[in-house]
Amino acid sequence: MLNIVILAAGLGKRMQSNLPKVLHPIAGRSMLSHVLDSARALDAANVVIVVGHGADQVKTAYAQEKDLKFALQQPQLGTGHAVQQTVGLLQEDGRDDVTVVLYGDVPLVQPDTLRKLLLSRDGGLAVLTEFLPDPSGYGRIVRDAAGKVCAIVEHKDATEAQRSINEVNTGIIAAPTAALKGWLSRLDNNNAQGEYYLTDIIGMAVADGLVVNTAHPSAQFETLGVNSRAQQAELERLWQAELARRQLEAGVTIVDPARFDLRGQLECGRDVMIDVGCIFEGKVVLADGVRIGPHCVLRNVTLGAGTHVEAYSHLEQSSVGEQARIGPYARLRPGARLGNGTHVGNFVELKNTMLGEGSKANHLAYVGDADVGARVNIGAGTITCNYDGVNKFRTVIEDDAFIGSDTQLVAPVRVGRGATLGAGTTLTADAPADQLTISRTKQITITGWKRPVKKS
Ligand code: UD1
Ligand code: MG
């Protein structure tokens, strides 16, 4: 049975934040959630999070996730002390009982690396280690003449000779659960930092005659920790580069991978092109041949094949059919559903609105709470007046209607099939099908009128 313990009690002082460190995001998702993703990918039977600083905030953030357990560590007396707090929550069923310890502030460890670690365990203990040109600050992996791991020595406790070892403890270990409980009960704090070191269990395991093996991460970002905003920003870029690399490998054109930001899930068909500076959030699905112009934001959006989104467009909780043209400077707000071949141009905002196949709103319009049929033309400056300050009302525009420029549709109101509204109309009652409806004061010319002149 696999237990996963995530250490997340630390203060994170250098973040200079009221938010507990593990709740800070990488790619739009809290660091702790990234770690939980990896834990769940391993099908852990039991996930225990050690909380301390900001414990209530962390627990509240995950209150809906019923598969998680929390252990409170107060005060924080070291990594070994942190794991001691979980002992009563660790489960065993006699079938390969193992406990993996992860850090909440080392967010990007990948499931494959953890699988490698578990495989290398060989019934004993496994430590995820790596080789660093500058190992200072880390616990060093001490090996005997035969190359077997015999201990981990913390930097502050290490001799000069040990400090020259460049194989370091990443902090991630896998241990047999029953033995781990025994070792934890024997930890002491007789060391340079006066802390209960989890790393002391390595020496105990060796003394008990267990094998201690090592595994290594596939990528360096997997074991990078975040202690400061600067490290958070660095890790964000490394992770974005990785996410961009995965899209490129799958055949997506990303014009500049260094200017790509994915904060969610992005599914792309073939020959999708993404220009610079775009941000993708939530779940975004782009079908074959979609092109996204520079500096667009797409949040929970689905776009059909061949649709192009031009520069500086902002799309949220919307869906667009095939071969549509959106932007530049378009805004689709939640509930915008656009059919095939639709055109939405600059400074057009659609909200909770259905725009039928082939319909167009090319310039400067607000269309909210509306059902617009097929082949409708919405002129520049058209506004649905959908809100009286309390209630929202719907506007219905049937197929083939033509809405003249600068029209206000005071909802609830209906424009019949094939109707035309004259420019400048304020529509307060339904417009019948196939007729011209117009509300406009008659144009007059006052002959001989003089402009006022300033007195000198
Ligand atoms: C630890 C390891 C060291 C390793 C390094 C890798 C020990 C004794 N040392 O050192 O071998 O090279 O990580 O980064 O394990 N935490 C708690 N409660 C505590 C103390 C820490 O939850 O009482 C959490 C922290 O929030 C953090 C993690 O444990 O997520 C590691 O703590 P940290 O203080 O960074 O350990 P290091 O001294 O860096
Ligand atoms: Mg550390």
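Since the model is a prediction, treat every value here as computed from it, not as a measurement.

K.L.:
What exactly am I supposed to notice about the nonpolar core here?
P.N.:
Within soluble globular proteins, side chains that are nonpolar generally end up buried alongside one another. By size, the foremost hydrophobic cluster in this structure holds 58 residues, and its most contacted members are Ile 274, Phe 280, Leu 286, Ile 292, Leu 298, Leu 303 and Val 415. Domain assignment of the residues forming this core places at least three in each of domain 1 (2–223) and domain 2 (229–437). Leave out the neighbours within four places in its chain, and Ile 274 touches Val 252, Thr 253, Ile 254, Val 255, Phe 260, Leu 266, Phe 280, Leu 286 and Ile 292.

K.L.:
When you look at the UniProt feature "binding site: acetyl-CoA" (unreviewed entry) in the protein chain in this model, what are you seeing that I'm missing?
P.N.:
Those places that UniProt annotates as "binding site: acetyl-CoA" (unreviewed entry) correspond, in this numbering, to Ala 380, Asn 386, Tyr 387, Ser 405, Ala 423 and Arg 440. The largest pairwise C-alpha distance within this set of annotated residues, which runs over 61 residues, is 22.7 Å, so the set is dispersed in three dimensions. Residue Ala 380 is classed as partly exposed on the basis of its relative accessible area of 23%. Sequence-distant contacts of Ala 380, that is, excluding residues within four places in its chain, are made with His 363, Leu 364, Ser 405 and Asp 406. Structurally, the position occupied by Asn 386 is in the loop between strand E28 (383–385) and strand E29 (395–397). Asn 386 has contacts with Lys 351, Tyr 366, Gly 368, Asp 369, Asn 391, Lys 392, Phe 393 and Ala 411, leaving out every residue within four places of it along the chain. Within the structure, Asn 386 has its side chain in polar contact with the side chain of Asp 369 (distance 2.6 Å).

K.L.:
Explain the UniProt feature "active site" (unreviewed entry) in the protein chain here, please?
P.N.:
Those residues carrying the UniProt feature "active site" (unreviewed entry) are His 363 in this numbering. Excluding residues that lie within four positions of it along the chain, His 363 makes contacts with Asn 346, Phe 347, Val 348, Gly 379, Ala 380 and Gly 381.

K.L.:
Quick question: what am I supposed to make of the pairing of strand E10 (residues 167–176) here?
P.N.:
Every regular strand shows the same layout, with side chains that alternate between the two sheet faces. Counting buried positions over the ten residues of E10 gives ten, a clear majority of the element. The pairing of strand E6 (residues 98–103) with E10 spans four bridges and is antiparallel. Paired with Val 98 across the two strands is Pro 176, which belongs to E10. As paired strands, strand E7 (residues 125–131) and E10 are joined by five bridges and run antiparallel to one another. Counterpart to Glu 130 in the pairing with E10 is Val 168.

K.L.:
Whenever I open this one, the pairing of E6 confuses me. Can you help?
P.N.:
Most of E6 is tucked away, with five of its six residues classed as buried. Sheet topology places strand E1 (residues 2–8) next to E6; six bridges connect them, and they run parallel. From the neighbouring strand, Val 5 faces E6, where its bridge partner is Val 101.

K.L.:
Explanation requested: unusual backbone geometry in the structure shown.
P.N.:
Leaving glycine aside, a negative phi is the common case for residues, and trans is the common case for peptide bonds. The step from Gln 74 to Pro 75 runs through a cis peptide bond, and the omega angle for that step is 0 degrees. For the peptide bond that leads from Gly 327 to Pro 328, omega is 0 degrees, which places it in the cis range. With respect to the helices, strands and loops of the structure, Pro 328 is situated in the loop between strand E20 (325–326) and strand E21 (330–332). The residue Asp 122 is not glycine, and still its phi comes out positive at about 60 degrees. With respect to the element layout, Asp 122 can be found in the loop between helix H4 (111–121) and E7. Of note in this structure, Leu 364 is not a glycine but carries a positive phi near 45 degrees. Mapped onto the elements of the fold, Leu 364 is located in strand E25 (residues 360–368).

K.L.:
What is the right way to look at the environment of Ala 258 in this model?
P.N.:
Checked against the element boundaries, Ala 258 lands in the loop between strand E12 (253–254) and strand E13 (260–268). The exposure class assigned to Ala 258 is exposed, which follows from its relative accessible area of 54%. Along the primary structure Ala 258 and Arg 237 are separated by 21 residues, whereas in three dimensions their C-alpha atoms are 7.7 Å apart.

K.L.:
Sorry, what's going on with the pattern of salt bridges here?
P.N.:
When the charged atoms of two side chains lie near each other, side chains of opposite charge can form a pair. In total, this model carries 24 salt bridges according to the counting rule given. The partner of Arg 95 in a salt bridge is Asp 93, with the nearest N and O atoms 3.2 Å apart. With its nearest N and O atoms 2.6 Å apart, the salt bridge here joins Arg 414 to Glu 398. Taken together, the residues span a long stretch of sequence, with Arg 414 in strand E32 (residues 413–415) and Glu 398 in the loop between E29 and strand E30 (402–403) at a distance of 16 residues. Owing to a relative accessible area of 38%, Arg 414 belongs among the partly exposed residues under this scheme. The network of salt bridges with shared partners includes Glu 242, Arg 245, Arg 246 and Glu 249.

K.L.:
Would you mind going over the domain arrangement of the protein chain with me for this structure?
P.N.:
For interface size, the figure often reported is the accessible area lost on association. Along its sequence, the protein chain is organised into domain 1 (2–223) and domain 2 (229–437). Computed over C-alpha atoms only, the centres of domain 1 and domain 2 are separated by 46 Å. Contacts between the two partners involve 14 residues from domain 1 and, on the opposite side, 14 residues from domain 2. Across the interface of domain 1 and domain 2, roughly 1100 Å² is buried in total on both sides, 61% from carbon and sulfur atoms. Linking domain 1 to domain 2 there are zero salt bridges. Applying the counting criterion to the domain 1 and domain 2 interface returns four residue pairs in polar contact (both at pLDDT 80 or more). Considering only residue class, the side of domain 1 that touches domain 2 consists of seven nonpolar, six polar and one charged.

Conventions used here
- Residues numbered from 1 in each chain as written.
- Chains lettered and ligands numbered in written order.
- Predicted model: local features only at pLDDT ≥ 70, side-chain atom pairs only at ≥ 80, totals over all residues.
- Heavy atoms only, no water.
- Core = buried A, V, L, I, M, F, W, Y, C linked by side-chain atoms within 4.5 Å.
- Buried < 20%, exposed > 50% of the residue type's maximum accessible area, 1.4 Å probe, protein only.
- Domains from an automatic or database assignment.
- Contact = heavy atoms within 4.5 Å.
- UniProt positions renumbered as here; feature names shortened; annotations may be inferred.
- Helix = DSSP H or I, 4+ residues; strand = E, 2+ residues; numbered from the N terminus.
- Polar contact = N/O pair within 3.5 Å; in protein donor to acceptor, adjacent residues only side chain to side chain.
- Pairing = 2+ DSSP bridges.
- Salt bridge = Lys/Arg side-chain N within 4 Å of Asp/Glu carboxyl O.
- Buried area = accessible area lost by both parts, 1.4 Å probe.
- Nonpolar A, V, L, I, M, F, W, Y, C, P; charged D, E, K, R; others polar.

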